[in-house]
Amino acid sequence: MTHMEMKNPEQKHVIISTRKPLQNSMIQQTSADIMPSNEERLENAKLSSGRRKGRRRGKGAKVEQLQEPKLDLGMGSHDSSKGLVFHRRPGYGQLGRKCMVKANHFLAQVPDTDLSQYSVTITPEVASRKINKSIMAQLVKLHRDTDLGMRLPVYDGKKVLYTAGLLPFVSKEFAVRLAEEDEGTGVAKEREFKVTIKFVGITSMVQLREFLAGKQVDTPHEIIRIFDIVLNQLAAQRYVSVGRCLYSPDIKNPQQLGGGLQSWQGFYKSVRPTQMGLSLNIDMSSTAFIDPLPVIDFVAQLLGKDVFSRPLSDADSVKVKKALRGVKVEVTHRGDVRRKYRISGLTSQPTRELIFPVDEHMNMKSVVEYFQEMYGFAIRYSHLPCLQVGNQRKVNYLPMEACKIIEGQRYTKGLTDKQITSLLKVTCQRPRDRETDILQTINQNGYELDPYAKEFGITVDEKLASVEARVLPAPWLKYHDTGKEKEYLPQVGQWNMTNKKVINGSTVNYWACINFSRSVQESTVSGFCHQLVQMCKISGMEFNPEPVIPIHSGRPDQVKKALKHVYSAAANKLGGKELELLIAILPDNNGSLYGDLKRICDTDLGLISQCCLTKNVYKISNQYLANVSLKINVKMGGRNTVLLDAFSSGIPLVSDIPTIIFGADVTHPETGDDSCPSIAAVVASQDWPEVTKYAGLVCAQAHRQELIQDLYKTWKDPHGGTVTGGMIRELLLSFKAATGKKPLRIIFYRDGVSEGQFYQVLLYELDAIRKACASLEPSYQPPVTFVIVQKRHHTRLFASNHNDRSSIDKSGNILPGTVVDSKICHPSEFDFYLCSHAGIQGTSRPAHYHVLWDENNFTADEIQSLTNNLCYTYARCTRSVSLVPPAYYAHLAAYRARFYMEPDKPENAIPNCMRTSNESCVRPLPALNEKVKNVMFYC
């Protein structure tokens, strides 16, 4: 099907525009019909509380000027005064029970006086921001009372200096001497730097005042950044900086994580523009640091074995080398002389075999002899390799036992599962404890005594912001009429399947089981499968009690062979009919087995699979079986529950006309990986008006590329014609095939985007949606609502009174459904915080939703209520979840797709490798099998 049917009776509900897709939504022209005047915007804001008819365009606060994405959009260069603008807040929500909550935001009052900006040039140039700051600190120490006119400047560590008033010169050069330690030789050398400070201009506060007042001006990023630098200046001298976080072993005692690592507590700190003014957002944080141990003790902990009497194996040496490369150490064999070095590697030979030339005549001496003669230091563990320090030209050898790791080095490599578990235990704090620690942090930072804050006239409130919130009501859920409970109203964000049957039970006629766990007997697996089948039947599914073939035992290292055997044996038995479901029993620690199995089933065989771990097979619980049955039902095409409002046309801006809800996410490789592709996933609802079933598509794209490249694409066919495709187009067509209707409204939830990328993502992806729609019919342009979903933020909400049981859940967190859209939210744009889930442990993190674009004219109540209600339809459990399900499903699909990559094939060996714009090579993922892509295979 290349075109969508345009003869739907619902067509009257949508305004069909004759403008080109791009001009329709992406570019704000200067003509009056597209770019409303300020008076029109004011009028729109006044009318926002009532229902609007038609589509408003061009609303919202103008976005700051950002680098234009290199897209062929047929438009001129972007200028913030004419570019795309974000949607303005249409009003505040009223729905729900009003209450007060506290937020970890502290009001920061700043003066109206303008600030001065100066450029800084340091010669010779230094790459290290830390050294630059040391140079500037020395300059200020020497010249503040004289040449700097008593001013206390703040410096960003690169090229910019700010002052609270003018310095007594326009340009001046200073000479600064600084002692630096060479990391190769450990010798301290004094270097002289020339520092030129030159006046650049005045930074006015007018833009900030207007922005905070909600006027339509560009976001004053530069001014906010200045105040961030000011409030960070003193803290950065006291603590170890990691991004926006600051850590110290003195905040709380470091906790051991195992493997030579320890966790340090710290805090996140950021100045944010909000409706109450500038706010200082502070949250607690923990991360892994290398334990400042003697190197030999670190190695023993890392390997978890005795290294004092036994040499390292080759595998051990590789592990030690990887962990120690780049780590700074100090020597301990020279009394008070504690020279510092950075480790560059590990010798391949043990210390006792190492010799080196001592003079130009190439007279050789062993390392053992040298340390004995030179320092009177007897090397006891000569069976261990030496550390290599310095560069390749001049390598120095240091025995492990003569070195100690310097304190305060963050561990940047991957943590083991055990270390992650230990770190999570440390970071998991009850709300009351987290609030106490945040207040303690704000007091310890002592901003009222901070000389930099005083210099710039900044005062920070020491009380958490008190914010008005509302608790939205939970939605009624519909279950099957044959169950005792046909309808159910969840209490405090959770319920169970007792007395309920799934609303649409799927049918499983042909299934098989494969056991990859050697520790589980066939009789145990058979008993488990029997109980699982019974639970599926109780839940409302039709399930054949007997497998097609007897339970097959497979070897974990021969997963493909085992799967092919089961698939073909079942096909032979069924005589033309196909196996529908595979139940796989996996060892608890199964390495790559899970990923390999999913890749083969999803892409090669087109077989729905359900994996169960050995521990759950032995310890069977009804709760576990019920959850697995929910997953099997949706994977097989069923539905577990739907919103009761869907049957009474009661979902605002969904029930009235065919509506498709998208979820999209991009997952990136782990930190430290500089080559693996990023994975994009898009899911879309395939039922209306229930909006519960979501089909998913995935694709690989360039490393760390955030814009989803395959939303819409064109390519040439062998005959020279143009073919259009992409994930949006394919999902629109599958919606039409599933419902018999074309979507007349699009709601797009986009996960995983940071604030700095809002503009580029909206510009690129909204245009792709437009083009995908137009490729089906030139005049097909359904209105779009584009919502960014963020979980990686640092706003936390606390009950106003922790002792009031009516305002908290069992975990001490705020109640599910709590929504905030005032005071700590954006001064003018349409955003809100929603805590849609009940806490389990730790402090709940609300999701932050930011409506960047809205042609459907949602009121605050409508989008907040829809988002909260959708959180009760998540298929994998009987709980409301913390993230709107389409975004959650996209995340699951992207995570699943990472297993589809085959790491053993080098990129240059792949013939169909796609070239990206920067000439990097991205191997396409194997295509999802047609039998899999229209069901919720990722659940």
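Below is a short write-up of the structure. Going along each chain's sequence as written, the residues are numbered from 1 onward. Per-residue local features are limited, in this predicted model, to residues with pLDDT of at least 70; the limit for side-chain atom pairs, both in listing and counting, is 80 or more; totals at the level of whole chains, interfaces and linings are taken over all residues. Each side-chain value is worked out from all heavy atoms of the structure, with water and hydrogens disregarded.

## Quick notes on the overall build of the protein chain
In step 1: For the protein chain, the helix and strand inventory stands at 21 helices and 43 strands.
In step 2: Out of the 939 residues belonging to the protein chain, those deemed buried represent 55%.
In step 3: Whether two residues are in contact is decided by their heavy atoms, any of which lying within 4.5 Å being enough. If you take every contact in the protein chain between residues at least 6 apart in sequence, the share linking residues at least 24 apart comes to 71%.
In step 4: In short, Shrake-Rupley with a 1.4 Å probe defines the accessible areas, and a residue's cover is counted only from the protein chains shown. With the model as given, the accessible surface of the protein chain reaches about 41700 Å², and the carbon-plus-sulfur share is 49%. Put simply, DSSP H or I for four residues or longer makes a helix, DSSP E for two residues or longer makes a strand, and each gets a number counted from the N terminus. Relative accessible area decides the class of each residue, using a 1.4 Å probe on protein chains only: under 20% of the type maximum gives buried, over 50% gives exposed, and in between gives partly exposed.

## Here we look at the nonpolar core
In step 1: To qualify as a nonpolar core, a set must consist of buried Ala, Val, Leu, Ile, Met, Phe, Trp, Tyr and Cys residues joined through side-chain atoms within 4.5 Å. Of all hydrophobic cores here, the largest spans 134 residues; its most connected members are Phe662, Tyr749, Tyr849, Tyr889 and Tyr938.
In step 2: Non-local contacts of Tyr889, meaning those with residues more than four positions away in its chain, are made with Val683, Tyr694, Thr873, Tyr874, Ala875, Met936, Tyr938 and Cys939.
In step 3: Grouped together as the second largest cluster of nonpolar side chains are 57 residues, Leu115, Val160, Leu167 and Val176 included.

## Things to note about helix α10 (residues 431-445)
In step 1: Expected span, for any helix, means 1.5 Å times one less than how many residues it has. Counted at 1.5 Å a residue, the expected span for α10 with its 15 residues is 21 Å, and the 21 Å between its end C-alpha atoms agrees.
In step 2: Among the residues of α10, those classed as buried are Pro431, Arg434, Glu435, Asp437, Ile438, Thr441, Ile442 and Asn445. Axial view of α10: buried residues confined to an arc of 165°, hence all on one face.
In step 3: Where α10 terminates, the next one or two residues include Gly446, which has phi positive at roughly 50°. In this description, one arc is meant: the one made by directions from the helix axis to the C-beta atoms.

## A word on the sheet that holds strand β32 (residues 678-685)
In step 1: Pairs of strands are assigned from DSSP output, requiring at least two bridges between the strands. The strand order across the open sheet formed by 11 strands is β33-β32-β31-β36-β37-β41-β40-β39-β21-β1-β38, and the pairing between neighbours is mixed. Edge positions in the sheet fall to β33 (694-701) and β38 (797-799), since each of these pairs with one other strand and no more. Going from strand to strand, the sheet's axes swing by 30° on average, the running direction of each strand aside.
In step 2: Bridge count between β32 and β33: eight bridges; the pairing is antiparallel. Residue Val682 lies in a different strand from β33, and its bridge partner there is Leu697.
In step 3: Each axis is a line fitted through C-alpha atoms, taken for helices only over the stretch in contact, and angles between the N-to-C directions span 0 to 180 degrees. The strands touched by helix α19 (residues 860-870) within the sheet are β21 (465-471), β31 (659-667), β33, β36 (745-751), β39 (818-820), β40 (830-835) and β41 (847-854), with β40 carrying the most contacts at an inclination of about 35°.
In step 4: Most of the contacts of helix α20 (residues 885-897) go to β31, to which it runs at about 45°, and overall it touches β31, β32, β33, β36 and β37 (784-790).

## As for the environment of Lys159
In step 1: Of note, Lys159 is situated in the loop between β4 (154-155) and β5 (160-163).
In step 2: Taking relative accessible area as the criterion, Lys159 reaches 47% and is therefore assigned partly exposed.
In step 3: Remark: the alpha-carbon pair of Lys159 and Arg129, spanning 30 residues in sequence, is separated by 10.0 Å.

## Observations regarding the pattern of salt bridges
In step 1: We count a salt bridge whenever a side-chain nitrogen from Lys or Arg sits within 4 Å of a carboxyl oxygen from Asp or Glu. Per the counting criterion, the structure on display carries 36 salt bridges.
In step 2: Taking the shortest distance from any N to any O, the salt bridge between Glu222 and Arg225 comes out at 3.7 Å. Taken as a pair, Glu222 and Arg225 lie in helix α5 (residues 221-238) at a separation of three residues, close to a single helical turn.
In step 3: The class for Arg225 is partly exposed, based on a relative accessible area of 33%.
In step 4: Note that Lys564 is salt-bridged to Asp604, the shortest N-O span being 3.4 Å.

## As for the packing of helix α17 (residues 727-739) against helix α18 (residues 758-776)
In step 1: Two numbers describe how α17 lies on α18: the axes approach to 8 Å, and their chain directions differ by 50°. Our classification of the angle between α17 and α18 gives oblique. Note on packing geometry: the crossing formed by α17 with α18 is right-handed. In this structure, α17 contributes Ile728, Arg729, Leu732 and Leu733 to the contact, and α18 contributes Ile769, Ala772, Cys773, Ser775 and Leu776.
In step 2: Grouping the amino acids of the contact of α17 with α18 by side-chain chemistry returns seven nonpolar, one polar and one charged. Throughout this description, any angle smaller than 35 degrees is read as roughly parallel, any larger than 145 degrees as roughly antiparallel, any in the 65 to 115 degree range as roughly perpendicular, and the remainder as oblique. Left-handed describes a crossing whose near helix is turned anticlockwise from the far helix through less than a right angle; right-handed describes the clockwise counterpart. Just so you know the grouping, Ala, Val, Leu, Ile, Met, Phe, Trp, Tyr, Cys and Pro go in nonpolar, Asp, Glu, Lys and Arg go in charged, and all remaining residues, Gly too, go in polar.

## Here we look at the sheet that holds strand β28 (residues 581-586)
In step 1: Judged by pairing direction, the sheet is parallel, and its four strands sit side by side in the order β27-β25-β28-β29 without closing on themselves. Unpaired on one side and paired on the other, β27 (552-553) and β29 (608-613) mark the two borders of the sheet.
In step 2: Across six bridges, the pairing between β28 and β29 is parallel. Residue pairing across strands places Leu582 opposite Ser609, the latter belonging to β29.
In step 3: Where helix α12 (residues 522-538) meets the sheet, its contacts fall on β25 (511-515), β28 and β29, and the angle it forms with β25 comes to roughly 145°.
In step 4: Along the sheet face, helix α16 (residues 622-635) touches β28 and β29 and points at about 165° away from the line of β29.

## Re the packing of helix α13 (residues 559-574) against helix α14 (residues 593-605)
In step 1: Following both chains from N to C, one finds α13 and α14 inclined at 45°, their axes separated by 10 Å at the closest point. Considering the angle they form, α13 stands oblique to α14. The handedness of the crossing between α13 and α14 comes out as right-handed. On α14, the residues that touch Val559, Lys560, Leu563, Lys564 and Tyr567 of α13 are Leu593, Asp596, Leu597, Ile600, Cys601, Asp604 and Leu605.
In step 2: Classifying every residue of the contact of α13 with α14 gives eight nonpolar, no polar and four charged.

## Considerations on the packing of aromatic side chains
In step 1: Planes of paired rings set the category: under 30 degrees apart is stacked, over 60 is edge-to-face and the rest tilted, where pairs are Phe, Tyr or Trp rings (Trp by its six-membered ring) whose centres lie within 6.5 Å. If you walk through the whole model with that rule in mind, you get 26 aromatic pairs.
In step 2: Measuring from centroid to centroid gives 5.1 Å for Phe748 and Phe786, while their planes differ by 15°, and the two rings are stacked. Residue Phe748 is found in strand β36, and its partner Phe786 is found in strand β37; the two are separated by 38 residues along the sequence.
In step 3: Ring geometry for Tyr874 and Tyr889: centres 5.4 Å apart, planes at 20°, overall stacked. Here Tyr874, found in the loop between α19 and α20, pairs with Tyr889, found in helix α20; they are 15 residues apart in sequence, far enough to count as distant. With respect to class, Tyr874 is no different from Tyr889; both count as buried.

## Quick look at the pairing of strand β14 (residues 340-350)
In step 1: With three bridges connecting them, strand β13 (residues 328-331) and β14 associate as antiparallel partners. Residue pairing across strands places Val329 opposite Tyr341, the latter belonging to β14.
In step 2: Here β14 pairs with strand β17 (residues 385-390) via four bridges, running antiparallel. Bridged to Leu346 within β17 is Leu387.

## Concerning a nonpolar patch on the surface
In step 1: A contiguous nonpolar surface patch, about 370 Å² in accessible area, is contributed by Leu166, Val170, Phe199 and Ile202.
In step 2: By the element assignment, Phe199 lies in strand β7 (residues 188-203). Note that patches include only residues with greater than 30% relative accessible area and no salt bridge, and the join distances are 9 Å for like charges and 5 Å for nonpolar side chains (Val, Leu, Ile, Met, Phe, Trp, Tyr).

## Brief notes about the environment of Glu210
In step 1: Here Glu210 lies in helix α4 (residues 206-212).
In step 2: According to the relative accessible area criterion, Glu210 is partly exposed, its value standing at 28%.
In step 3: For the pair Glu210 and Pro827, spaced 617 residues apart in sequence, the C-alpha to C-alpha distance is 9.9 Å.
In step 4: The residues touching Glu210, leaving out its near neighbours within four places in the chain, are Lys215 and Val217.

## Overview of the environment of Thr671
In step 1: Relative to the helices and strands, Thr671 is located in the loop between β31 and β32.
In step 2: For the pair Thr671 and Lys413, spaced 258 residues apart in the sequence, the C-alpha separation amounts to 7.6 Å.

## Examining unusual backbone geometry
In step 1: Cis geometry marks the peptide bond from Thr123 to Pro124, where omega comes out at -5°.
In step 2: Relative to the helices and strands, Pro124 is located in the loop between β3 (115-123) and α3 (129-143).
In step 3: The backbone of Met150 shows a phi angle near 70°, a positive value even though the residue is not glycine.
In step 4: With respect to the helices and strands, Met150 occurs in the loop between α3 and β4.
In step 5: Its identity as a non-glycine residue notwithstanding, Val691 has a phi of 40°, on the positive side.
In step 6: Examined against the element boundaries, Val691 turns out to sit in the loop between β32 and β33.
In step 7: Of the residues examined, Val691 reaches a relative accessible area of 1% and is grouped as buried.

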